[in-house]
Amino acid sequence: MAIDPVCGMIVKRDKAATHRMYKGRTYYFCVPWCAELFDADPEKYHLASMTKKEVDPVCGMTVKKTDKAAIRKMYKGRTYYFCAQGCRDVFDTDPEKYLGRATEPPKNKSLWAKLL
C-alpha cells in the first residue's frame, strides 16, 4: 500500500494507475491526473511526503512517521512504518508478501482513465 502524494488516497501498489521515480523513491498514483500534477512540481510533493503519513504494509492503516513512538523496520534500504508491533511481527515473517512489487505501470486502465 502507498499514499498518492497528490490527493492522499491509499493506493495498492500493484493496482496503481501509474507511478513515478523521484529522488530514489517510487510514488504511486490513483489516477493519471494526480501523476500529471506531480510531474508539474515533484519537489513540492516530495517534500510534503517526507513529513506526512505512511501506510502500514500489513493492515493498510495510516501511520504518522514523525511520531517518535512509531514502530518501524528497515528493509532493502527503505523504512516501513507499522500501526502496532503485531503488524511488524507479521511483516517480518514474509516482507515480500506485503510489498507490492510493481516495477512496471499496470496494463489495465483505472476507472478514471476509462471515463476520460
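Our structure is the block above this text.
Report on the accompanying structure. Remember, predicted model here, so these are calculated numbers, not experimental data.

A closer look at the nonpolar core
Here's step 1: Counting residues in each nonpolar core, the largest one holds 12 residues, listed as Ala 2, Val 11, Ala 16, Tyr 27, Tyr 28, Phe 29, Cys 30, Val 31, Cys 34, Ala 35, Phe 38 and Tyr 45.
Here's step 2: Contributions of two or more residues to this core are made by strand 4 (25-29) and helix 1 (32-40).
Here's step 3: Once residues within four sequence positions are removed from consideration, Val 11 is found in contact with Met 1, Ala 2, Asp 4, Ala 16, Tyr 28, Phe 29 and Cys 30.
Here's step 4: One finds Phe 82, Cys 87, Phe 91 and Tyr 98 within the second-largest nonpolar core, a separate group that totals 7 residues.

Let's talk about the packing of aromatic side chains
Here's step 1: Evaluated as defined, the whole model comprises 7 aromatic pairs.
Here's step 2: When the centroid spacing of 5.9 Å and the interplanar angle of 85° are considered together, the rings of Tyr 75 and Phe 91 count as edge-to-face. One end of the pair, Tyr 75, is in strand 7 (residues 71-75); the other, Phe 91, is in helix 3 (residues 85-93), with 16 residues separating them in the sequence. With respect to burial, Tyr 75 and Phe 91 carry one shared label: buried.
Here's step 3: Between the aromatic rings of Tyr 80 and Phe 91, the centroid separation amounts to 5.5 Å while the plane-to-plane angle is 40°, which identifies the pairing as tilted. One end of the pair, Tyr 80, is in strand 8 (residues 78-82); the other, Phe 91, is in helix 3, and 11 residues separate them in sequence. Residue Tyr 80 shares its accessibility class with Phe 91, and that shared class is buried.
Here's step 4: Site record: aromatic cluster; members linked through ring pairs are Tyr 22, Tyr 27, Phe 29, Phe 38 and Tyr 45.

A word on the pairing of strand 7
Here's step 1: Note that strand 7 and strand 8 share 5 bridges and pair antiparallel. If you follow Lys 73 over to strand 8, its bridge partner there is Tyr 80.
Here's step 2: If you look at the hairpin formed by strand 7 and strand 8, you'll find 2 residues sitting between the two strands, and Lys 76 has a positive phi there, around 50°.

A look at helix 1
Here's step 1: Burial in helix 1 covers these residues: Cys 34, Ala 35 and Phe 38. Down the axis of helix 1, the buried side of the element spans an arc of 100°, and every buried residue falls inside it.
Here's step 2: As for helix 1, its buried residues are in contact with strand 3 (18-22), strand 4 and helix 2 (42-49).

Some remarks on unusual backbone geometry
Here's step 1: A positive phi angle is found at Lys 23, which is not glycine, with a value near 50°.
Here's step 2: Along the chain, Lys 23 falls in the loop between strand 3 and strand 4.

Things to note about the pattern of salt bridges
Here's step 1: Under the definition given, this model contains 5 salt bridges.
Here's step 2: Asp 92 is the salt-bridge partner of Arg 88, the closest N and O atoms lying 3.7 Å from each other. In this pair, Arg 88 and Asp 92 both sit in helix 3, 4 residues apart, roughly one turn of the helix.
Here's step 3: By relative accessible area, Asp 92 is classed as partly exposed at 34%.
Here's step 4: Via salt bridges that share partners, Lys 73, Arg 88 and Asp 92 belong to a single interconnected network.

So, how was this worked out
Residues numbered from 1 in each chain as written. Predicted model: local features only at pLDDT ≥ 70, side-chain atom pairs only at ≥ 80, totals over all residues. Heavy atoms only, no water. Core = buried A, V, L, I, M, F, W, Y, C linked by side-chain atoms within 4.5 Å. Buried < 20%, exposed > 50% of the residue type's maximum accessible area, 1.4 Å probe, protein only. Helix = DSSP H or I, 4+ residues; strand = E, 2+ residues; numbered from the N terminus. Contact = heavy atoms within 4.5 Å. Phe/Tyr/Trp six-rings, centres within 6.5 Å; stacked < 30°, edge-to-face > 60°. Pairing = 2+ DSSP bridges. Arc of directions from axis to C-beta. Salt bridge = Lys/Arg side-chain N within 4 Å of Asp/Glu carboxyl O.

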